[in-house]
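The primary structure of each chain is shown beneath.
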Amino acid sequence: MEQDARLNRLSRWQTEAKNLQYGYINKWAKSDKLWKGIFASSIETKSKVRQVNKIFFRKIWATGWRLLASFHSAFLKDYDNFKIEGRDTEGDPRFARVLHYMTQYHRDRMLLHGNLFLKFIWSFQNIIKFGLAGAKFYWNTEKDKPEFCVYPNDQIFLDLAADDPSKMRYVFFLNYMTQEEMEEAGYESLNDEISFSATDSNELRAARFYEQPDPVEGSNSPNYSGWAAGGAMGGAYTSGSIDSGRLDNIQRYRVYECFWKEKGVPMYGVTVDFKVWVKEPMPSPYGERFPIILGTCLTEAHKIIGEGFPEPLAAPQESFNYNLNMRKDNVALALTGHTFVSRYGNVDLQSLTNRRASSYTLMDDVNSVRHEQMPNVTQAAYAEAQADEFMMQDMSGITAGKQGMEATDKATVAQINFTESNAKIDLYIAIVGETFM
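Only a predicted model underlies this, so the values are computations on that prediction, with no experimental measurement involved.

Participant: For unusual backbone geometry, give the residues involved together with the corresponding values.
Facilitator: If you check the backbone angles, Asn-115 has positive phi at about 55° while not being a glycine. Tracing the backbone through its elements, the reader meets Asn-115 in the loop between α3 (92-113) and α4 (116-130). The phi angle at Asp-273 is positive, at roughly 55°, despite the residue not being glycine. As for its placement among the helices and strands, Asp-273 is situated in the loop between β8 (265-272) and β9 (276-283).

Printed below as a string of structure tokens:
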């Protein structure tokens, strides 16, 4: 009875977290589409003028990777900047020194054998894209070593009713595991009443595997390009089919690693769909703190989750792409033009449609055909696109100067500012014709 009461309480908390996370899932899915260059479902992706797919200029993607390069330079370029020091002058310095070397040893092993650097990049990418990155830092008792695991945002359930991570009542990590993986993790055997589970359907997961098979669902998973409005999580799949025997072949379970506070005591347990325990509840081996690391980008007051860069940059990028494709349509119309043909002019329409150099078109009256003069708005479109780009630079902080493309007095002068050992060296390279000075 006590175990059932715990499972019911955790199930209610998971439902609460999922409902509060619903709005973020939709925003994150839109941010992921903007990052990847996927047009919104309400936009026609094919140009009716040029009869080809429209161009999606991924300015947010370029800005995000420049920010990621800055994060790498600030946090990941030199790992030896990290240091552990004691607080007093007696025993602490010796203990701190030992802990410092042990931490360095484990960090180096994780970099060599645990893809730690790649996981750091994933974390910073999630921070930039979504404004939130969640990772579990824990001790692997089977292999007796630390582990660092970055989770997709839709597989972490946080207590969003709290305004500070230290005040959260619970944290749940969702894992899709096979029977063999659960046995390797040391989980207890499942009874026959627990069936295999499909992945949670949500718009963020659909955007992450856009037009690709979901690796958890298997090769027969639906094609997510057919996402449409409606459904429990704000969308429903409209294309693709699922093999009826696929789930039985893959045999995956939804396994929740649960951390929660029970009468002020941090607890830990593992359950399958909040129906049965595969690791009995116990006091958390990680003490008062949940083993989760949260990274935020554009933080918001009184909220655990902040904003990512795609959210403020979305409108200027959509405007930029609109003007870009409108300019290309205008150029195509200006080059080909529109032709007015008299209904009674007896004009050779086939020849007129397929006109080329040195060709001719037969007609009874030369006044039967008139070509429309299309105004060229290329310069105006460039000005609009430049205004959109300035807005994106202003909001992201990635300006022309930081990209090394700032205008100077001479168009052929490039200025590189390089700082080394607190000394600033200005190198000017002037190019005049074929002479380098």
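After that view of the structure, there is still more to cover.
Participant: Describe the sheet that holds β9, with residues and values.
Facilitator: Reading across the sheet, the 5 strands line up as β3-β4-β7-β8-β9 and stay open at both edges, with antiparallel pairing between neighbours. Edge positions in the sheet fall to β3 (156-158) and β9, since each has one partner strand and no second. Going across the sheet, the axis of each strand differs from the next one's by a mean of 15°, ignoring polarity. Two strands pair when backbone bridges link them, and strand β4 (residues 170-178) and strand β7 (residues 252-262) are joined in this way by 9 bridges, in the antiparallel orientation.

Participant: Explain the pairing of strand β1 (residues 132-140) residue by residue, including any values.
Facilitator: Summarising the sheet, β1 and strand β10 (residues 292-296) pair through 5 bridges and their orientation is antiparallel. Across the sheet, residue Lys-136 finds its bridge partner in β10, namely Ile-292. Bridging between β1 and strand β2 (residues 145-151) involves 7 bridges; their strand directions are antiparallel. By the bridge assignment for β2, Phe-137 is matched with Phe-148.

Participant: I'd love a proper account of helix α8 (residues 310-336), names of residues and values included.
Facilitator: When the terminal C-alpha atoms of α8 are compared, their 37 Å separation across 27 residues agrees well with the 39 Å that a helix rising 1.5 Å per residue should span. At Pro-316, α8 shows its largest kink, close to 25°. One or two residues past the end of α8 sits Gly-337, with phi positive at roughly 75°.

Participant: Which residues make up the pattern of salt bridges, and what values go with them?
Facilitator: Tallied over the entire structure, the rule returns 18 salt bridges. Across the pair Glu-262 and Arg-9 runs a salt bridge whose closest N-O atoms are separated by 2.9 Å. With Glu-262 in strand β7 and Arg-9 in helix α1 (residues 2-36), this pair connects stretches of sequence that are 253 residues apart. Of the residues examined, Arg-9 reaches a relative accessible area of 25% and is grouped as partly exposed. A salt bridge links Arg-254 to Asp-200; the nearest nitrogen and oxygen atoms lie 3.4 Å apart. Taken together, the residues Arg-254 in strand β7 and Asp-200 in the loop between α5 (179-184) and α6 (203-208) connect sequence positions 54 residues apart. For the pair formed by Arg-254 and Asp-200, the shared burial category is buried.

Cut-off values and rules
Residues numbered from 1 in each chain as written. Predicted model: local features only at pLDDT ≥ 70, side-chain atom pairs only at ≥ 80, totals over all residues. Heavy atoms only, no water. Helix = DSSP H or I, 4+ residues; strand = E, 2+ residues; numbered from the N terminus. Pairing = 2+ DSSP bridges. Axes fitted to C-alpha atoms, helices over the stretch in contact; angles between N-to-C directions. Expected span 1.5 Å × (residues − 1). Bend = angle between axes of the 7 residues up to and from the residue. Salt bridge = Lys/Arg side-chain N within 4 Å of Asp/Glu carboxyl O. Buried < 20%, exposed > 50% of the residue type's maximum accessible area, 1.4 Å probe, protein only.

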